[in-house]
Each structure stands twice: as structure tokens, then as C-alpha cells.
Amino acid sequence: MGARGGQALVSLAILAIGGALALATVFLPEAPGYARVSARLFPGLIAGGLLLLGLMLLVEVARGGFRNVGEEAREPFHAAAFGWVSVGLIAHMALIAGIGFILAATLLYGCTARGFGSRHPGRDAVVGLFVGAVVYALFTYGLTLSLPWGAWIPGGPS
């Protein structure tokens, strides 16, 4: 199979994942009458995005293949970067119930930034704390979905 065949398979796989997610979204429960946002919103948006991306990639394949993807464009595997991001994800999943969403997100952000080459852990922690707090507030107060506050923090939201 040539490069274009592999690219077509990637495009079709993305379409299949988007289609499966769209189908699964249909089976999510309806929101109660007072809810502003249904549980179907975000999975539906992601499914739509994947379907659009898959179609756009198929168009690229039909026009001659993905642009700027040749042997010269390939990057070597960076084991350290992979390790930092993996450690961040695993730590986030393992610690979120105990330390809460905001601190777990801060840790994940810091590890991911380090994996992408940042050498400023203090700045990354501040940015991660801010991003985690904003996402926590949006989900908890905007969407009324409960994210873990952290078992060790007294008096947190329940």
C-alpha cells in the first residue's frame, strides 16, 4: 500500500470514529426540561468535528495526498516527551479524586508543557492552575456538572 492508500485509511478511520461517536450520542439520555445544555452537546460537537476532519482529509487524499508529508517532514520519536505527557495523564487519572480537578489539571498541564519543551515549571504551574480553575468553574457552575474538588480540601463545593 502506498502513501496515499495509508492516508485514505487514516481518513476513513477518522470518519468511522466520528460516525460511531455520532451514533453513540443519539443513545445518550435526554436532558431534563430545565437543563440548558444536554449531555449530547459535547459528544455531538466532537463527532461533527471528527466527521468534518475525516471528509477534509479524504479531499486532500483525492487531490494528491496530504501536503507537506514526506520523508523529510517526519520527526523522530521523542521518548522523553512521550514520557512526560504519559506521566501527566496517568497522574491526572490517579490523583483527581484525591487532590481535586484543579490541582490534577495543573499537574497535567505542567507535565504536558515540559513534554513539549517548556523549561519554565513555575510559569507552567500558574497557567495550569488558571486553566484548571476556569475549566472547573465552567463545568461546575456553567454546566452544573460536578468535578472532584479534592478530598483533602475542607469546605469545598459538594
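Residues numbered from 1 in each chain as written. Predicted model: local features only at pLDDT ≥ 70, side-chain atom pairs only at ≥ 80, totals over all residues. Heavy atoms only, no water.

Draft legend 1. Here's a closer look at the packing of aromatic side chains. If you walk through the whole model with that rule in mind, you get two aromatic pairs. With a centroid separation of 6.3 Å and 20° between ring planes, the pair formed by F42 and F139 is classed as stacked. One end of the pair, F42, is in helix α2 (residues 41–62); the other, F139, is in helix α5 (residues 121–142), with 97 residues separating them in the sequence. F139 gets classed as partly exposed once you look at its relative accessible area, which sits at 28%. Between F77 and F82, the ring centres sit 5.7 Å apart and the planes meet at 50°, which makes this aromatic pair tilted. (Phe/Tyr/Trp six-rings, centres within 6.5 Å; stacked < 30°, edge-to-face > 60°. Helix = DSSP H or I, 4+ residues; strand = E, 2+ residues; numbered from the N terminus. Buried < 20%, exposed > 50% of the residue type's maximum accessible area, 1.4 Å probe, protein only.)

Draft legend 2. Looking closely at the side chain of E60. With respect to the secondary-structure elements, E60 resides in helix α2. If near-sequence neighbours (up to four positions away) are discounted, E60 is found in contact with G65, F66 and R67. (Contact = heavy atoms within 4.5 Å.)

Draft legend 3. Structural view of helix α4 (residues 101–115). The terminal C-alpha atoms of α4, which comprises 15 residues, lie 21 Å apart, in line with the 21 Å expected from a rise of 1.5 Å per residue. Inspection of α4 places F101, I102, A104, A105, T106, G110, C111, A113 and G115 among the buried residues, and these make up the whole buried set. Buried-residue contacts for α4 involve α3 (79–99) and α5. (Expected span 1.5 Å × (residues − 1).)

Draft legend 4. Representation of the pattern of salt bridges in the model. The tally for this structure, following the rule as stated, stands at one salt bridge. One salt bridge in this structure joins D124 and R123, with 3.5 Å as the shortest N-O distance. (Salt bridge = Lys/Arg side-chain N within 4 Å of Asp/Glu carboxyl O.)

Draft legend 5. View of the nonpolar core. Counting six residues, the largest nonpolar core consists of I96, F101, I102, A104, A105 and Y136. Sorting elements by how many residues they give to this core places α4 first, with four residues. Not counting residues up to four positions away in its chain, the partners in contact with I102 are L129, G132, A133, Y136 and W149. (Core = buried A, V, L, I, M, F, W, Y, C linked by side-chain atoms within 4.5 Å.)

Draft legend 6. Structural view of the packing of helix α1 (residues 3–26) against α2. One can describe the packing of α1 onto α2 by two numbers: an axis separation of 8 Å at closest approach and a directional angle of 160°. What the angle tells us is that α1 and α2 run roughly antiparallel. In this structure, the crossing between α1 and α2 has a hand that is left-handed. Its residues assigned to classes, the contact of α1 with α2 comprises 18 nonpolar, seven polar and one charged. (Axes fitted to C-alpha atoms, helices over the stretch in contact; angles between N-to-C directions. Parallel < 35°, antiparallel > 145°, perpendicular 65-115°, else oblique. Left-handed = near helix turned anticlockwise from the far one by under 90°. Nonpolar A, V, L, I, M, F, W, Y, C, P; charged D, E, K, R; others polar.)

Draft legend 7. Spotlight on the environment of L95. For L95, the position within the fold is in helix α3. Residue class for L95 comes out partly exposed when judged on its relative accessible area of 35%. Sequence spacing of L95 and G150 is 55 residues, and the spatial spacing of their C-alpha atoms is 9.1 Å. With residues up to four places along the chain from it excluded, the contact list for L95 reads G100 and L107.

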